[in-house]
Amino acid sequence: MESRIIKPRTQRGKRNLEKRAPKIIENIKSTFLIKGGKTSEIVTHTLKDLQLLKKPNCVMLKKKNSTRPFDDETMLEKFSKKYDCSLFAFGSHSKKRPHNLVLGRLFSHQLLDMFELGVTNYKSLDDLRNVSKTLEGAKPCLIFAGDQFQTDPEYQRLKSLLIDFFRGPLIDNIRLQGLEHVIQFTTIDGKIQMRSYKINFKKSGTKVPRVELEEMGPSFDFEMRRTRVASDDLYKRSKRLPKQTKTKKVKNVEYDAFKTKYGRIHMQKQDLTQLTTRKVKGLKRKLDPELENLRQQEIEKQMKLDEE
């Protein structure tokens, strides 16, 4: 059954519908955080720390929901449509799956993929109170270390999800002083380690400052549990871009990895005999004395003829 068209009755309702309408360049991806029917203290603090990292583009649901994402995703799709969010984090706790965290994303308010992770070796932001924190909404630098992120298909999808989850707003320019936060993901011994660092710039005696990383939290060790990955066709459709965003290819123009523009010009073969150069007396070629005498005689003859 098709959903009926709702016409706005107020200006506020009109603005909300325009905000949710499809756009050529979409808004920043928002996240909603859910607590399961039963949660542990670690899971609760984990969701709170994720909320602090994701602010202001996140919604924390206060009520507990006894839904099970891997059995029924209708509740997730309902919340996605209600709060206009395309990312979610679901925390729960049970004897079979202790300290459980489910990260996922949706495409057009339909579940795309999600990963179930077990939280171990957890350090919250409050555990490192002596370290200064980054500003709210700061865009982090993401680092992925480990061969599995390059070879394993599931880890490649997880990497794509983590980039969507933590990357923040898209920007065109980067300012050195704006680099404040680093999040590193490392695969080691079957676990995924997440570490968060504060960037400190120190004096180095040169124009380039000395960079130091200071752990600021939160930090996790994730254990991969269950996964649900979208089909290749659906995943390819979710990555499709509108035609308006695609720039037309210009002939003989190329860009390198740093977006430096290079052009190639096609010209006809130049006649170097007609090339004008700077005339220097020292480089002037001297004529042969006999030729110079003949030339002088011809000039004198021509002068006599002109007099007659």
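Shown above is the structure to which this text applies.
Here we summarise the structure given alongside this text. (Residues numbered from 1 in each chain as written. Predicted model: local features only at pLDDT ≥ 70, side-chain atom pairs only at ≥ 80, totals over all residues. Heavy atoms only, no water.)

### Remarks on the overall build of the protein
Then, in step 1: A tally of regular secondary structure across the protein gives 7 helices and 12 strands.
Then, in step 2: For the protein, the C-alpha radius of gyration of 34 Å lies well beyond 19 Å, the compact-globule estimate for 308 residues.
Then, in step 3: Expressed along its principal axes, the backbone C-alpha trace of the protein runs to roughly 125 × 55 × 40 Å.
Then, in step 4: Expressed as a percentage of its 308 residues, the buried residues of the protein come to 29%.
Then, in step 5: In the protein, 66% of the contacts between residues at least 6 apart in sequence involve partners at least 24 apart. (Helix = DSSP H or I, 4+ residues; strand = E, 2+ residues; numbered from the N terminus. Rg over C-alpha atoms; globule rule 2.2 N^0.38 Å. Buried < 20%, exposed > 50% of the residue type's maximum accessible area, 1.4 Å probe, protein only. Contact = heavy atoms within 4.5 Å.)

### Details of the nonpolar core
Then, in step 1: Within the largest apolar cluster, 27 residues are counted, with the highest numbers of intra-cluster contacts made by A89, L101, L103, F166, F185 and F222.
Then, in step 2: Taken together, the elements giving at least two residues each to this core come down to α2 (41-54), β3 (87-92), β4 (100-107), β5 (110-123), α5 (153-166), β7 (181-188), β8 (191-202) and β10 (219-228).
Then, in step 3: Those residues in contact with F222 that sit more than four places away from it in its chain are L101, L117, G118, V119, K191, I192 and M194.
Then, in step 4: One finds F70, L76, F79 and F88 within the second-largest nonpolar core, a separate group that totals 13 residues. (Core = buried A, V, L, I, M, F, W, Y, C linked by side-chain atoms within 4.5 Å.)

### Brief notes about unusual backbone geometry
Then, in step 1: Along the chain, K55 connects to P56 via a cis peptide bond; the corresponding omega equals 0°.
Then, in step 2: With respect to the helices, strands and loops of the structure, P56 is situated in the loop between α2 and β2 (58-64).
Then, in step 3: Residue P218 is reached from G217 by a cis peptide bond, and omega for that bond is -5°.
Then, in step 4: The topology assignment puts P218 in the loop between β9 (210-215) and β10.
Then, in step 5: Residue N121 is not a glycine yet carries a positive backbone phi of 50°.
Then, in step 6: Looking at the element boundaries, N121 is found in strand β5.

### Some thoughts on the side chain of E180
Then, in step 1: Looking at the secondary structure, you find E180 in the loop between α5 and β7.
Then, in step 2: Here E180 is buried and forms no salt bridge, its nearest opposite-charge partner K198 lying at an N-O distance of 5.6 Å.
Then, in step 3: Ignoring sequence-local partners within four residues, the contact set of E180 consists of T134, L135, A138, Y197, K198 and I199. (Lys, Arg positive; Asp, Glu negative; His and termini not counted. Salt bridge = Lys/Arg side-chain N within 4 Å of Asp/Glu carboxyl O.)

### So, the environment of H93
Then, in step 1: Along the chain, H93 turns up in the loop between β3 and β4.
Then, in step 2: Since its relative accessible area comes to 22%, H93 is described here as partly exposed.
Then, in step 3: In this structure, the C-alpha to C-alpha distance between H93 and K35, residues 58 residues apart in sequence, is 9.6 Å.
Then, in step 4: Ignoring any residue separated from it by four or fewer positions in sequence, one finds H93 in contact with K38, T39, S40, P98 and H99.
Then, in step 5: A polar contact of 3.0 Å, which involves the side chain of H93, links it to the backbone nitrogen of H99. (Polar contact = N/O pair within 3.5 Å; in protein donor to acceptor, adjacent residues only side chain to side chain.)

### A closer look at the pairing of strand β1 (residues 31-35)
Then, in step 1: A large share of β1 lies buried, amounting to 5 of its 5 residues.
Then, in step 2: On β1, burial covers both faces: T31, L33 and K35 on one face and F32 and I34 on the other are all buried.
Then, in step 3: Relative to β2, β1 runs parallel, the two being bridged by 4 bridges. Counterpart to K35 in the pairing with β2 is K64.
Then, in step 4: With α2 bridging β1 and its parallel neighbour β2, the resulting β-α-β unit is right-handed.
Then, in step 5: Judged from the 5 bridges that link them, β1 and β3 form a sheet pairing that is parallel. Its bridge partner being in β3, T31 is matched across the sheet by L87. (Pairing = 2+ DSSP bridges. Right-handed = clockwise from strand over helix to strand, strands pointing away.)

### So, the packing of aromatic side chains
Then, in step 1: Enumeration according to the criterion identifies 10 aromatic pairs in this entry.
Then, in step 2: Residues F32 and F88 carry aromatic rings whose centres are separated by 5.9 Å and whose planes lie at 25° to one another, so their mutual orientation is stacked. Of this pair, F32 sits in strand β1 while F88 sits in strand β3, and the two are 56 residues apart along the sequence.
Then, in step 3: When its relative accessible area of 0% is taken as the criterion, F88 is described as buried.
Then, in step 4: Ring geometry for F220 and F222: centres 5.2 Å apart, planes at 15°, overall stacked. Each member of the pair, F220 together with F222, is buried.
Then, in step 5: Put simply, the rings of F144, F149, Y155, F165, F166 and F185 touch in pairs and so form one group of aromatic residues. (Phe/Tyr/Trp six-rings, centres within 6.5 Å; stacked < 30°, edge-to-face > 60°.)

### Quick notes on the layout of surface pockets
Then, in step 1: Approximately 350 Å³ is the volume attributed to the second largest pocket.
Then, in step 2: Lining the second largest pocket are 19 residues, and of these T67, R68, F90, S92 and S94 sit closest to its centre.
Then, in step 3: When contributions to the lining of the second largest pocket are tallied by element, the ones reaching two or more residues are β3 and β4. (1 Å grid on protein atoms, 1.4 Å probe; cavity = no way out; pocket = protein on both sides within 12 Å on 5 of 7 lines; lining within 4 Å. Points joined across faces, edges and corners; volume = space filled by probe spheres on them.)

### Section: helix α3 (residues 74-83)
Then, in step 1: Buried residues of α3: L76, F79 and S80, and no others. For α3, the angular spread of buried residues about the axis comes to 105°, placing them on one side. The exposed residues of α3 that point more than 90 degrees off its buried face are K78 and K81. (Arc of directions from axis to C-beta.)

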